[in-house]
Amino acid sequence: MAVPIKRCITAALVFILILCAGLAAAGEDGGKVPAISVSGEATLQFKPDQVELGIAVVTRAPTAQEAAAENATAMNQVSEALKKTLGGKGELRTVGYRVRAVYEYDRQSKRNRFVAFEATNRLSVRSPDVKGVGLLLDAAIKAGANNIDGPNWSLAQPDQAESQAQVAAYKNAKARAEALAQAAGLKLGKVLSIKVGQGYQPRKATMAFKAAPAPESTPVEAGKITISATVKCKFALEPAKP
């Protein structure tokens, strides 16, 4: 029985369309689309908007009870002075308390000799007033604090700063890709993939003491926080228009 010619032609056209679609999909899945992969970097600097101090009172006495009592009295004065200086804008919390016996080595007797009991109470002070660090230091020392760490400068919203650095890194990668594509007589197409580099680590701002005659408060200046980001991008390449 003979098959109609029109039916054969229709079947052939359908087969060709299916084959072409399959080849196109295979080309895309097989990564045969002309593309270029580049890396981009960016380093941005931000002014810190919060500061943290470690403030402690260390006392010594012949007995543990006396050392603890003297420490409590001094720390209450320090806490009240800091709260007054913060004015409700910051955060004050206890991060450590310790009472221990202190010994020192006696070379003559070749033995450890008891010196005293030592009590340590440590506070963490966080403030959004980065310009008022000197006032906090002065208030703490005047009230009886005798052990201070910091200042440590930071950002209240580091994720936003990181995103800005990543966007800048992407722009850097795209500019590199465009330059290379143009040199090859092509133009940049759509973005095929973006990978953000791992190991993001902001570099904290360093502290600087500024000398000044008879200052009203201890002069302290914050530096800037440096945030770096890297991205790897893959762009499609297209023929340049004549």
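Here, every reference points to the structure presented above.
These remarks concern the structure in this document. (Residues numbered from 1 in each chain as written. Predicted model: local features only at pLDDT ≥ 70, side-chain atom pairs only at ≥ 80, totals over all residues. Heavy atoms only, no water.)

## Structural notes on the sheet that holds strand S1 (residues 35-46)
Next, step 1: With respect to topology, three strands assemble into an open sheet ordered S1-S9-S6, the strand pairing being antiparallel. Here the strands that pair on one side only, and so sit at the sheet edges, are S1 and strand S6 (186-196). Across the sheet, the mean angle from the axis of one strand to that of its neighbour is 35°, orientation sign disregarded.
Next, step 2: Here twelve bridges tie S1 to strand S9 (residues 225-239), and the two strands are oriented antiparallel to one another. Each residue of the ladder has a partner; that of threonine 43, found in S9, is serine 228.
Next, step 3: Lying over the sheet, helix H4 (residues 158-183) contacts S1, S6 and S9, oriented at roughly 140° with respect to S1. (Pairing = 2+ DSSP bridges. Helix = DSSP H or I, 4+ residues; strand = E, 2+ residues; numbered from the N terminus. Axes fitted to C-alpha atoms, helices over the stretch in contact; angles between N-to-C directions. Contact = heavy atoms within 4.5 Å.)

## Topic: H4
Next, step 1: Taking 1.5 Å per residue as the helical rise, H4 with its 26 residues ought to reach 38 Å, and the 38 Å between its terminal C-alpha atoms agrees with that figure.
Next, step 2: In this structure, the buried residues of H4 make contact with S1, S6 and S9.
Next, step 3: Positive phi shows up at glycine 185, right after H4, with a value of about 75°. (Expected span 1.5 Å × (residues − 1).)

## Considerations on the packing of aromatic side chains
Next, step 1: For the coordinates displayed, the defined rule picks out three aromatic pairs.
Next, step 2: With a centroid separation of 5.7 Å and an interplanar angle of 70°, the aromatic rings of tyrosine 103 and phenylalanine 114 are classed as edge-to-face. Here phenylalanine 114 lies in strand S4 (residues 111-127) and tyrosine 103 lies in strand S3 (residues 91-106), a separation of eleven residues in the sequence.
Next, step 3: What makes phenylalanine 114 partly exposed here is its relative accessible area of 33%. (Phe/Tyr/Trp six-rings, centres within 6.5 Å; stacked < 30°, edge-to-face > 60°. Buried < 20%, exposed > 50% of the residue type's maximum accessible area, 1.4 Å probe, protein only.)

## Some remarks on the pattern of salt bridges
Next, step 1: A complete count under the given rule lists eight salt bridges for this structure.
Next, step 2: For the salt bridge of arginine 100 with glutamate 118, the shortest nitrogen-to-oxygen distance reads 3.1 Å. With arginine 100 in strand S3 and glutamate 118 in strand S4, this residue pair connects regions lying 18 residues apart in the sequence.
Next, step 3: With relative accessibility at 33%, the residue arginine 100 sits in the partly exposed group.
Next, step 4: Two residues, glutamate 238 and lysine 187, come together in a salt bridge whose shortest N-O distance is 3.8 Å. Of this pair, glutamate 238 sits in strand S9 while lysine 187 sits in strand S6, and the two are 51 residues apart along the sequence.
Next, step 5: By sharing partners, the salt bridges in this structure join Arg60, Arg100 and Glu118 into a single network. (Salt bridge = Lys/Arg side-chain N within 4 Å of Asp/Glu carboxyl O.)

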